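Remarks on the overall topology
Listed below, chain by chain, are the residues.
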Amino acid sequence: MQGTRLVKLVVFIAITGGLAFLFNSKIGDIPPLGKFLNPFTGFWQNAEDVEDITNQSFIKSGLQDSVRILIDEQGVPHIFAENEHDLYFAQGYITAKDRLWQMDFQTRYAAGRLSEVVGKKALELDRYQRRMGMVYGAEAMLKESLKDPQSKLIIEAYSEGINAYIEDLSPRDYPIEFKILNYKPEEWTPLNSALLLKLMSATLARGTNELAMNNILAKYGEEVTNDLFPNYPFNEDPIVPIGTPWNFNKDTPKPLISPSPLVSSIKNKDKDKQDFLLSSRLLTASKEENIGSNNWAIAGNRSSTGFPILANDPHLDLTLPSIWYQIQLHSPTVNVYGVSIPGAPNVIIGFNENIAWGVTNVGSDVLDWYKIQFKDDTHQEYLYNDKWEKTSQRVEEIKIRGEKSVLDTVYYTLQGPVSYAKNQKPADFGMANNIPVDYALKWVAHLPSNELRTFYELNKAKDYEGYRKALVYFSAPAQNFVFADRQGDISITSNGLFPLKEKRQGKFLLDGNDTTDLWVNRIPAEENPTVKNPERGYVSSANQWPVDQSYPYYLGWEFGSYERAHRINTQLETMHAADLKSFEALQTDNYSILAENVLDTLVHILQTDKGLNDTESKALALLAKWDRFYEANSIAASVFDTWYNTLNRMIWIDDFASDEELMRYPSRDRTVHLLLYEPTSPWFSNDSTKLTRDEVVSASFKDAIKQLGKSYGEFGNWEWGSVKKTHVPHLADIGGFGSKVLKVGGSKHTVNAMSESNGPSWRMIVLLGEKPKAFGVIPGGQSGNPGSKFYDNQIATWEKGELNELLFLENSDLNQQGIIKQIELKK
Amino acid sequence: MFLFLLIIVIAFISQLIFPWWIIIPIAIICCGLKANSAASAFLSSFMAIFILWLMMSMFLSFQNDHILSNRVGEMLGLKLASYNWILVALISSLPGAITAGFAGTSGFLLRKIFSNN
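The rules we used
- For every chain, the first residue of the written sequence is number 1, and numbering continues from 1 onward in sequence order.
- Written order determines the labels here, with chains lettered from A and ligands numbered from 1.
- Residues qualify for local features only when their pLDDT is at least 70, as the model is predicted, and side-chain atom pairs are given and counted only at 80 or more; totals for whole chains, interfaces and linings, by contrast, use all residues.
- Confidence of the predictor at the level of single residues is given by pLDDT, which spans 0 to 100.
- In this description, a residue-residue contact is defined by the distance between C-beta atoms placed from the backbone, which must lie within 7 Å.
- Once C-beta atoms are placed from the backbone, each residue is buried if 20 or more other C-beta atoms lie within 10 Å of its own, exposed if 12 or fewer, and partly exposed for counts between those two.
- Secondary structure follows DSSP: runs of H or I at least 4 residues long count as helices, runs of E at least 2 residues long count as strands, and numbering of each begins at the N terminus.
- It is the directions from the helix axis to the C-beta atoms that the arc portrays.
- UniProt positions are given in the numbering used here, feature names are shortened, and annotations may be inferred rather than shown by experiment.
- When residue character is reported, Ala, Val, Leu, Ile, Met, Phe, Trp, Tyr, Cys and Pro are called nonpolar, Asp, Glu, Lys and Arg charged, and the others, Gly included, polar.

You'll find chain A entered in an unreviewed UniProt entry as Penicillin amidase, with Albibacterium bauzanense given as the organism.

Next comes the structure, spelled out in structure tokens:
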């Protein structure tokens, strides 16, 4: 009897213990269920009270004075501090309160530290980030920034503020993703802020085509390469208007050295070099042509207010929590409103009482690869200028959750890190596809820089002089800074550290032994492309070429295509009393310049094809009378888009894609030219069959109709909004935490640049004046908490293409229109 | 019923301070002192924690307009529906309830062993 009882007891205790253990452990991707589901400390604690308007007050020993933070109806904080230290402290504090997990996760992503929290599956990604020198670059930036007392004060105060928030957290308060992934927030360091700025460079200026270009050059030779990958496009509408004089120093500096890119080496049949050109065996990947953004400003004599109006919408891969965090910073020395990067101090895009500014990316060539010849497999020495030089080594320790750390040694030459030496490159890791083996990476984002100072100065700038002064500090990622002030000046500058290069230097892979291949100097900052108050009365950019071919320096050979820029300029040209409405309409403009360029020709070709079936004829009839707007309910847009993409693929896939080596397609600009003006080009044929342009156009059309039918069924279901499926996913792709599919128009090449989950991450319009009036919207919300009503409350407004008026406060009075509560930080 | 209420009250207060597994010692001790049978030990503990967690979850969900519970429902793979938050609350209450049930029974069995000696 006693024995059975004992057995029973042991069994029940064992089950209890087993359940306790099971429900307290993360198994695979399933969070620890007891920890996660219990309503006292689990996810239910993240279910915020939607009616919450309770004022809060905290004592924070790090402050020099008290700070008042007003929260408005959109959840936007307005910080009122008595000094700069407290201002940035409070910015760190309040940003962490809303976005702590996002800050933590993005920092880990940038630093190659994701394996610490998600385990081994992130190992190759972590290795990649470190081997690309992300931490190396962030350290260089931090070191340089800390030399500047102003930047030091800001970045340190900001970190203190974040940590002041973290130290008060108990497990029940952790953001929900920490609970799902089962880890804890860690102390914030200034290096994290630097890493997030490096992440901007990684997103916007780490694209690399050199390997693909080299493979193409090796396969087709110089003539074909130059023909299909020209150094200036057929269609362009540059940022600095054509004909603007360059008032530069008479003795414009030249590159100190005259490099001989590998192009010439090939001509010389240099055996060694040719071998390594041909030895890169890689899978195909084509680079996106459409990383982009828009900004513009119009002069007072063309606006309805008599003052300039400025607009900006940076396009990025959209995520929830939102990429940007809206904030107003107010202290005796600054009063600025705009969006910030969660994890970095200051406002990045915004306005103050006097000025407004915005940015778009400059696709200049700031990243190059140098072939390194190691003496032996120890990688201790490499050849430079025909002499053996010593490499330096950086040992990266990658900690892995639940496993032993991995030590990864990266070799650095005077050019930079050798991202993957022989036998180091993983075979099945997509991001590394375009990285050549045994090459050193020279990238502007590795150089010491102090971008923080640019934003600090812009936040306080009063006029054009202040704007120009601020830009000098900015290295990477190079941006087109558009500017307007209430005195009436408008300007745009393609700004950043541009290497001083010989023409086409770095279009292909470079030789690490050759001293003349190495670039060492920069284009003088004051001679970066810029224009102030141009005669046409407006400035704009949409990632296109900054300049025409009269600019004396080399910036790169390929920029974003001109379509969005051309549409923007065409529309601005017609505006003589621009106002909020006309700017709003332009930001959400879905007109396709691509269709304007090619549709008539394509339709005309199709109309001679007598073999169309019913659906095909119906689709063609629709296209023939299409107004060329990518509206959400347009079926013609779906047909055209699918058709053009299929056509593009059919033309190039047999020649510029291969399982064996990385290649890429010619640009859209070049393809359009081929379609319109080179109907007999041999490129329309494929290897086995001789095809004419018209045959390819017909075949691609029929194929496109088949694809649409297969994926979306009946003709009536092919509305562009349903085909494109724009949505905003969660940053870690957690189910249920992203948005639903949104019904929006636009395409990659329209001003309203919207694809599946890439698009306007912030739309802003600022009407300058005695007092600025500004409008904006983010595709998400202020809070990073999926359990907050502020997580995605702006999406519906964004989807409709509308903007919210931004509350630009002059004083910290709690009882003013639009304020729902306050948070006080007392010293 | 007394046992059930006792566990609810003690579990509520201690969970404001301690992690979720504090319900294990609570169920063991309460049932060790007050349970009459293994079945009542299991049921009282199970129901106490189930009801406590369910009530607490529902309270939090209501003041949140069910924003989060609907998202978590989607995360758990539930088809979109307006009553998802209730399902999520029910599911949420199970791990604690089951654990408490076994813990309570263990407590009862433990007393049996000592009381017979």
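Picking up after the structure, the text goes on.
1. Some remarks on the confidence of the model for chain A
Here chain A averages 92 in pLDDT, and 95% of its residues register 70 or above. Contacts for the low-pLDDT stretch residues 256-287 of chain A, under 50 throughout, to residues beyond four places or in other chains number 62 contacts.

2. A closer look at helix 14 (residues 464-471) of chain A
Residue and element names in this part refer to chain A. Within the sequence span of helix 14, burial applies to Tyr 467, Arg 468, Ala 470 and Leu 471. Seen from one end, helix 14 has its buried residues packed into an arc of 160°, which puts them on one side. The inward-facing, buried residues of helix 14 abut strand 9 (355-361), helix 13 (451-460), strand 16 (479-485) and strand 17 (490-495).

3. Observations regarding the UniProt feature "binding site: Ca(2+)" (unreviewed entry) in chain A
Residue and element names in this part refer to chain A. Under the local residue numbering, the UniProt record ascribes the feature "binding site: Ca(2+)" (unreviewed entry) to Glu 210, Asp 365 and Asp 368. A maximum C-alpha distance of 10.2 Å is found for the annotated residues, which run over 159 residues; spatially they form one tight group. Within the secondary structure layout, Glu 210 lies in helix 10 (residues 210-228). With residues near it in sequence (within four places) discarded, Glu 210 still touches Asp 368, Trp 369, Gly 506, Phe 508 and Leu 509. With respect to the element layout, Asp 365 can be found in the loop between strand 9 and strand 10 (367-371). The class for Asp 365 is buried, based on 24 C-beta atoms found within 10 Å. Those residues in contact with Asp 365, other than ones at most four positions away along the chain, are Gly 506, Gly 556 and Trp 557.

4. Some points on the interface of chain B and chain A
How big an interface is tends to be expressed through the accessible area that disappears when the partners come together. Taken together, the 36 residues of chain B in the interface contact 35 residues of chain A. Sorting the residues of the side of chain B that touches chain A by element identifies helix 3 (38-63), helix 4 (67-75) and helix 5 (84-116) of chain B as the ones contributing at least two each. No other element matches the 14 residues that helix 5 of chain B contributes to the side of chain B that touches chain A. The residue inventory of the side of chain B that touches chain A, partitioned by class, reads 19 nonpolar, 13 polar and four charged.

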